Amino acid sequence: MAAKVLMALFDHVDPVAEVLDELRRQGIDDHDMTVISGVPYPARVLGRPMVWERLPWIALSGAFVGFLIGLFLNAGTPLLYPIRVGGQPLIPIPPSAVITYEFTMMGLIVSTFLGVLWESTFPSFGPKYYHPESINGRIGMLIRCPEEQLPEIQEMLRAHGARDVFEPEEWTL
Amino acid sequence: MSSDRGHEQELAHLERELKARDLLLDRRSREEMNYEVMHAMERISLGWLLAAFVLGGLVFLGLGLAWAYQIKWGLGVAGINRPVFWGVYIANFVFWIGISHSGTFVSAILRVFKAEFRRPITRASEMMTTFALIVAGMYPLIHLGRTWRFYWMVPYPNQRQLWPNFHSPLMWDMMAIFTYLIGSTLYLYLPLIPDMAMARDRTTGWRYRLYRLLALGWRGTEAEWQHLKTAITIFAFAIIPVMFSVHTIVSWDFGMTMKVGWHSSIFGPYFVTGAIFSGVSAVATVLLVVRRTMKLDYFLRAEHFDSIGKLILIFSFAWTYFFFADYLTEWYGGEAVGKELLTLQARGPVAPLWYIMLATNILIPWLTLWNRKVRRSFWGLMLVTLGVNVGMYIERYIIVTGFLTRNRLPFDWGVYNPSPVEILISIGSLSTFIFLYAVVSRVIPLVPIWEVREGQIAHSLRRIGRALVPTVTELE
């Protein structure tokens, strides 16, 4: 049986959390339900399972790469062309710490930004299910469900106070 | 019975009063909030156009003509000469780096500590950071004289396979500013994405095309919000040490020399405190102007200026502490050149400036900012915060140009007066900052609406006993 996509718009977050529970009871998987809102609602507010976030690891990896680049510039480049000045060490540790630190932070910052783009698959302007009302104060809910469950789910959504229930269009964002 | 009714009426009155005072309790529909911010952004008055025209002219005069003149004729057209080789350009550089601390402090530190009053003011201050850094970043190029030689500092080996010296404070400076500029620009952009999507859905023409591009296809799904919130948290924690490092490294440009008055281990925290002091003061000045010119009274309220005023007072105390610690150490040391520097400030040619600095950075804030009425008054806070930045500029001017006029060899003492070229370039850079701010404030939403709404969801009024009190719910 073909799957259909439904969108419901709610005025408040409480019925959204109830609807999510109800849909789970009706056999809809968490992956087939998406809440769209203009404000971040933490997973526990919506009663959603916690998703392991990879972003901190991406950030840490970037920081490590930055650290290595900093280390190379401080310790590697003087060895490529050694010039001893006034009996000073070729690779002095305290001054080396500064650039190494800056590159570590640069790596952390840039990789965090790239990580967000990667994890959210941005930029992505292609056609996607969306409704502008969902970032204009309402809370949108996208549900992918088997066609035969459609009437039952529509009724349940309305019973929970959905303002609008409809088959959404794909928008080019 | 009638006393109960009276109490209920009193509570209703109190509720209205609390809502009028506190933005996070005074909910409006999201539609209304979006409209207010978009309308403020799209409204371009004749006064704004006139101001933009004048500022554009000053930018052209300062950076287009005066800088070009200096590039053509060399650094000799500036007032710097033996023994003062660092003039007003370096003072300006330090000053603008200081202003750039505004955004990070107001946004990142207050975010980490969950100070709720930050919500409507974060973006306006983050924008200041980015533009102040752009202006600050120009000064090493201007001061270089032969600006086209800048690439010598870029980390790659020259034709003799010799790399730049990464152990030099000047190299630290460039890397720190570059890291801070990238970090603060991305930190400005990330929380902007949801508001760009809001703007995308409400505009047409060139604005639509711009917002669409910058919104990256944002829809506001749970996953998008989760990644964004995690990234903002990482950024908030990462940008704070970078901010501290930037001004510390700027102070090390001075501290690493053997120059009396500069070679001080206290310069790092002293400079950082001064930077936050002037940065937060500049935030107050800019927000006062933004509130009045863009009519953002709903978002920017007396409570916000009240809180910023308290911060400025605290930083005035902290700056005074470092200033006095530095002064006393020099005074007690009794070294001849050090004493001469102190005399220069108290009775020498820079004395009038020095006393103005003491008045605007210590006396006036201490005498006024303890007063709630001053912190909440437009002109009161405007004059104090402008004064603080005049004082902080003077502080940098004296440290850079004043201290260089005295050294260990009295035959090599001198005087320094900025030349017209230096003055024009300084005016041009100030105009660049204001011009960029004025233009971009008409292009990107100046208030992070989603952050304000998030705060409003978490705030409510709760009745405890017979009192009605504002409460905050920890949603995270």
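Structure: see above.
Residues numbered from 1 in each chain as written. Chains lettered and ligands numbered in written order. Predicted model: local features only at pLDDT ≥ 70, side-chain atom pairs only at ≥ 80, totals over all residues. Heavy atoms only, no water.

1. Describing the overall build of chain B
Then comes step 1: Of the regular secondary structure elements, chain B holds 18 helices and 2 strands.
Then comes step 2: The globule rule puts the C-alpha radius of gyration for 476 residues at 23 Å, and the 24 Å found for chain B is close to it.
Then comes step 3: Dimensions of chain B, computed from the C-alpha atoms along their principal axes, are close to 90 × 50 × 45 Å.
Then comes step 4: Of all 476 residues assigned to chain B, the portion counted as buried reaches 59%.
Then comes step 5: For chain B, restricting intrachain contacts to residue pairs at least 6 apart in sequence, the fraction spanning at least 24 positions comes to 79%.
Then comes step 6: Looking at chain B as shown, the accessible area adds up to about 20300 Å², and 67% of this sits on carbon and sulfur atoms.
Then comes step 7: Each charge class in chain B was averaged separately, 45 positive and 33 negative side chains, and the resulting centres sit 4 Å apart. (Helix = DSSP H or I, 4+ residues; strand = E, 2+ residues; numbered from the N terminus. Rg over C-alpha atoms; globule rule 2.2 N^0.38 Å. Buried < 20%, exposed > 50% of the residue type's maximum accessible area, 1.4 Å probe, protein only. Contact = heavy atoms within 4.5 Å. Areas by Shrake-Rupley, 256 points an atom, 1.4 Å probe, with all protein chains shown as cover. Lys, Arg positive; Asp, Glu negative; His and termini not counted. Charge placed at Lys NZ, Arg CZ, Asp CG, Glu CD.)

2. Focus: the sheet that holds strand β1 (residues 3-10) of chain A
Each strand in a sheet pairs with its neighbour through backbone hydrogen bonds, running either in the same direction (parallel) or in the opposite one (antiparallel).
Residues and elements named next belong to chain A.
Then comes step 1: On the basis of which strands lie adjacent, the open sheet formed by 4 strands has the order β2-β4-β1-β5 and antiparallel pairing. Either end of the sheet is taken by a strand with one partner, and the two such strands are β2 (33-36) and β5 (164-166). Each strand axis lies, on average, 15° off the axis of its neighbour in the sheet, ignoring direction.
Then comes step 2: In the sheet, β1 pairs with β5 via 3 bridges, with the strands oriented antiparallel. Looking across to β5, one finds that L9 is bridged to D164.
Then comes step 3: The strands touched by helix α1 (residues 13-25) within the sheet are β1, β2 and β4 (139-146), with β4 carrying the most contacts at an inclination of about 10°. (Pairing = 2+ DSSP bridges. Axes fitted to C-alpha atoms, helices over the stretch in contact; angles between N-to-C directions.)

3. Observations regarding the nonpolar core
Then comes step 1: By size, the foremost hydrophobic cluster in this structure holds 166 residues, and its most contacted members are B:W96, B:F299, B:I308, B:I425 and B:Y437.
Then comes step 2: Examining the composition of this core, we find that 16 residues originate from one element, helix α10 (residues 222-255) of chain B, more than from any other.
Then comes step 3: Among all residues touching B:W96, those that are not within four sequence positions of it are B:A132, B:V135, B:A136, B:Y139, B:S429, B:L430 and B:F433.
Then comes step 4: Judged by nonpolar contacts, the second largest core, of 24 residues, contains A:V16, A:V35, A:I143 and A:C145. (Core = buried A, V, L, I, M, F, W, Y, C linked by side-chain atoms within 4.5 Å.)

4. Let's talk about a nonpolar patch on the surface
Then comes step 1: A contiguous nonpolar patch, built from A:F72, A:L80, A:Y81, A:I83, A:V85 and B:L162 and spanning about 540 Å² of accessible area, is present on the exposed surface.
Then comes step 2: Inspection of the secondary structure assignment puts A:F72 in helix α3 (residues 55-80).
Then comes step 3: Judged by relative accessible area, which is 38%, A:F72 ranks as partly exposed. (Patch = residues over 30% accessible without salt bridge, like charges linked within 9 Å, V, L, I, M, F, W, Y side chains within 5 Å. Salt bridge = Lys/Arg side-chain N within 4 Å of Asp/Glu carboxyl O.)

5. A look at the side chain of B:R219
Then comes step 1: Its location among the elements puts B:R219 in the loop between α9 (205-215) and α10.
Then comes step 2: Of the polar contacts made by the side chain of B:R219, one reaches the backbone oxygen of A:Y129; its length is 2.7 Å.
Then comes step 3: When neighbours within four sequence positions are excluded, B:R219 is seen to be in contact with A:I36, A:K128, A:Y129, A:Y130, A:I135, A:L142, A:L173 and B:E224. (Polar contact = N/O pair within 3.5 Å; in protein donor to acceptor, adjacent residues only side chain to side chain.)

6. Concerning the pattern of salt bridges
Then comes step 1: This model, assessed by the stated rule, comprises 32 salt bridges over all chains.
Then comes step 2: In this structure, A:D30 engages A:R48 in a salt bridge whose closest nitrogen and oxygen atoms are separated by 2.7 Å. In this pair, A:D30 is assigned in the loop between α1 and β2 and A:R48 in the loop between α2 (43-46) and α3, connecting sequence segments 18 residues apart.
Then comes step 3: Take A:R48: its relative accessible area is 13%, and that puts it in the buried class.
Then comes step 4: Across the pair B:R406 and B:E340 runs a salt bridge whose closest N-O atoms are separated by 3.3 Å. Of this pair, B:R406 sits in the loop between α16 (378-404) and α17 (420-440) while B:E340 sits in helix α13 (residues 336-346); the two residues are 66 residues apart in sequence, bridging distant segments of the chain.
Then comes step 5: In this structure B:R406 comes out as buried when scored by relative accessible area, which is 12%.
Then comes step 6: In this structure, a network of salt bridges that share partners links the residues A:D21, A:R24, A:D30, A:R48 and B:E222.

7. Some details on helix α4 (residues 88-99) of chain B
Because an α-helix packs 3.6 residues into every turn, residues spaced three or four apart end up facing the same way.
Then comes step 1: Along its 12 residues, α4(B) runs 16 Å from first to last C-alpha, staying within 8% of the 16 Å computed at 1.5 Å per residue.
Then comes step 2: Most of α4(B) is tucked away, with 12 of its 12 residues classed as buried. (Expected span 1.5 Å × (residues − 1).)

8. Here we look at the interface of chain B and chain A
Then comes step 1: The interface of chain B with chain A comprises 59 residues on the first partner and 61 residues on the second.
Then comes step 2: Between chain B and chain A lies a buried interface of about 5100 Å² when both sides are counted; carbon and sulfur atoms form 69% of it.
Then comes step 3: When the buried surface of chain B facing chain A is broken down by residue, B:H167, B:R219 and B:E222 rank first, second and third, together holding 15% of it.
Then comes step 4: Between chain B and chain A we count 1 salt bridge in total.
Then comes step 5: The salt bridge involving A:R48 is made with B:E222; its shortest N-O contact spans 2.5 Å.
Then comes step 6: Our count for the contact surface shared by chain B and chain A stands at 21 residue pairs in polar contact (both at pLDDT 80 or more).
Then comes step 7: At the level of elements, α2 (30-42), α7 (169-189), α8 (193-200), α9, α10 and α18 (449-458) of chain B are the ones that each hand at least two residues to the side of chain B that touches chain A.
Then comes step 8: By residue number, the principal contributor to the side of chain B that touches chain A is α10(B), which donates 17 residues. (Buried area = accessible area lost by both parts, 1.4 Å probe.)

9. With respect to the environment of B:G274
Then comes step 1: Assignment of secondary structure puts B:G274 in helix α11 (residues 267-294).
Then comes step 2: Contacts of B:G274, omitting those with residues within four sequence positions, involve B:W319, B:M392 and B:R396.

10. Points about unusual backbone geometry
Then comes step 1: Geometrically, the link from A:F122 to A:P123 is a cis peptide bond, its omega value of -10° lying close to zero.
Then comes step 2: Along the chain, A:P123 falls in the loop between α4 (93-119) and β3 (128-129).
Then comes step 3: Look at A:T121: it is not a glycine, yet its phi comes out positive at around 45°.
Then comes step 4: Mapping A:T121 onto the fold places it in the loop between α4 and β3.
Then comes step 5: The exposure class assigned to A:T121 is exposed, which follows from its relative accessible area of 54%.
Then comes step 6: Despite not being glycine, B:K114 has its phi angle at roughly 55°, a positive value.
Then comes step 7: Structurally, the position occupied by B:K114 is in the loop between α5 (101-112) and α6 (122-144).

11. As for the pairing of strand β2 (residues 467-472) of chain B
Residues and elements named next belong to chain B.
Then comes step 1: Pairing between strand β1 (residues 459-464) and β2: 6 bridges, direction antiparallel. Bridge assignment links S460 to a residue of β2, and that residue is T471.
Then comes step 2: Two successive antiparallel strands, β1 and β2, enclose a turn made up of 2 residues, where G465 displays a positive phi of approximately 60°.

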